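Structural description and commentary
Spelled out, the chains give:
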Amino acid sequence: MTFHVGLTDSHEFSPVNMNYPAAHIHMLPVELLQHIFLLVVNDVPDCPSVFSYGDTTISPNVGSPPLVFTRVCHFWRVISLSTTAIWSRMQVSLPGRVEPLKPFLPSFLQSWLARSGNQPLTLRIVSGELPVRTTRRCMRQPCQEPSQADSQLLEILLSESKRWEAVALAFSDDLNRNFD
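Residues numbered from 1 in each chain as written. Predicted model: local features only at pLDDT ≥ 70, side-chain atom pairs only at ≥ 80, totals over all residues. Heavy atoms only, no water.

Let's talk about the confidence of the model for the chain
For the chain, mean pLDDT is 80; residues scoring 70 or higher make up 73% of the total. When pLDDT is averaged over each element of the chain, helix α3 (residues 104–115) comes out on top at 96 and strand β6 (residues 176–179) at the bottom at 46. Low pLDDT (under 50) marks residues 130–142, which in the prediction has twelve contacts with non-local residues, meaning those over four places away or in another chain. pLDDT under 50 marks residues 174–180. Its contacts with residues more than four places away, or in other chains, come to 17 contacts. (pLDDT = per-residue confidence, 0-100. Helix = DSSP H or I, 4+ residues; strand = E, 2+ residues; numbered from the N terminus. Contact = heavy atoms within 4.5 Å.)

Encoded structure:
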């Protein structure tokens, strides 16, 4: 697997200061760093999480791979953004909020999916209230529609359904269902 990432082959000097030798990590071949990034991403249990949730906030999960690779240095950022395979596994937790999400968050999910190129996707969708459509005779409570925020994220994921390789739905009651 070889990717051209637009970097020069000269690793003699640090890209920050030409007076100091480059860090050893910058001397590794790009292909090796890409392979390391892929091993790290594949080692994350339940897929890397796209979003991080606080008590009242939702934000990009910048402390988790692959997004964390983009924050180390320019060299790693260029490599990680050009390595589509590291963006093809993701966990999306549905917030269950009634109000719509800020426009940045759906755009962030779309960017993550775009970075995955044409790679097959492995998704884990987590929710305490995923809607399950059944007849009212089978359930004593009415069918709940997804919240507006959940619908926004689900529509984005569904738009890429032709690339789905594996999808896991996780519910808060620890009931897991896998659909391949």
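Some thoughts on the environment of Leu 157
Here Leu 157 shows up in helix α4 (residues 148–158). When the C-alpha positions of Leu 157 and Leu 123 are compared, they lie 8.9 Å apart, and in sequence the two are 34 residues distant. Non-local contacts of Leu 157, meaning those with residues more than four positions away in its chain, are made with Val 92, Leu 109, Leu 113, Leu 123, Ile 125 and Trp 164.

Comments concerning the packing of α3 against α4
Their axes nearest at 10 Å, the elements α3 and α4 cross at an angle of 20 degrees. Classified by the angle between their axes, α3 and α4 sit roughly parallel to one another. Of the two elements, α3 crosses α4, and the hand of that crossing is right-handed. Of the residues in α4, those touching α3 at Pro 106, Leu 109, Gln 110 and Leu 113 are Gln 152, Leu 153, Ile 156 and Leu 157. Grouping the amino acids of the contact of α3 with α4 by side-chain chemistry returns six nonpolar, two polar and no charged. (Axes fitted to C-alpha atoms, helices over the stretch in contact; angles between N-to-C directions. Parallel < 35°, antiparallel > 145°, perpendicular 65-115°, else oblique. Left-handed = near helix turned anticlockwise from the far one by under 90°. Nonpolar A, V, L, I, M, F, W, Y, C, P; charged D, E, K, R; others polar.)

Considering the environment of Met 90
Counting through the fold element by element, Met 90 comes out in strand β3 (residues 89–93). By relative accessible area, which is 0% here, Met 90 ends up buried. For the pair Met 90 and Thr 122, spaced 32 residues apart in the sequence, the C-alpha separation amounts to 6.5 Å. (Buried < 20%, exposed > 50% of the residue type's maximum accessible area, 1.4 Å probe, protein only.)

Here we look at the packing of helix α1 (residues 30–42) against helix α2 (residues 74–82)
Their axes nearest at 10 Å, the elements α1 and α2 cross at an angle of 70 degrees. Considering the angle they form, α1 stands roughly perpendicular to α2. The handedness of the crossing between α1 and α2 comes out as right-handed. Of α2, the residues touching α1 (which contributes Val 30, Leu 33, Gln 34 and Phe 37) are Phe 75, Trp 76, Ile 79, Ser 80 and Ser 82.

Thoughts on the pattern of salt bridges
The tally for this structure, following the rule as stated, stands at two salt bridges. Measuring nitrogen to oxygen at the nearest pair gives 3.9 Å for the salt bridge that ties Arg 124 to Asp 46. Within this pair, whereas Arg 124 is found in strand β4 (residues 121–127), its partner Asp 46 is found in the loop between α1 and β1 (51–53), the two being separated by 78 residues in sequence. Among the residues examined, Asp 46 registers a relative accessible area of 45% and is labelled partly exposed. In this structure, Arg 163 and Glu 160 form a salt bridge, with 2.9 Å as the shortest nitrogen-oxygen distance. In this structure Arg 163 comes out as buried when scored by relative accessible area, which is 11%. A relative accessible area of 22% means that Glu 160 is categorised as partly exposed. (Salt bridge = Lys/Arg side-chain N within 4 Å of Asp/Glu carboxyl O.)

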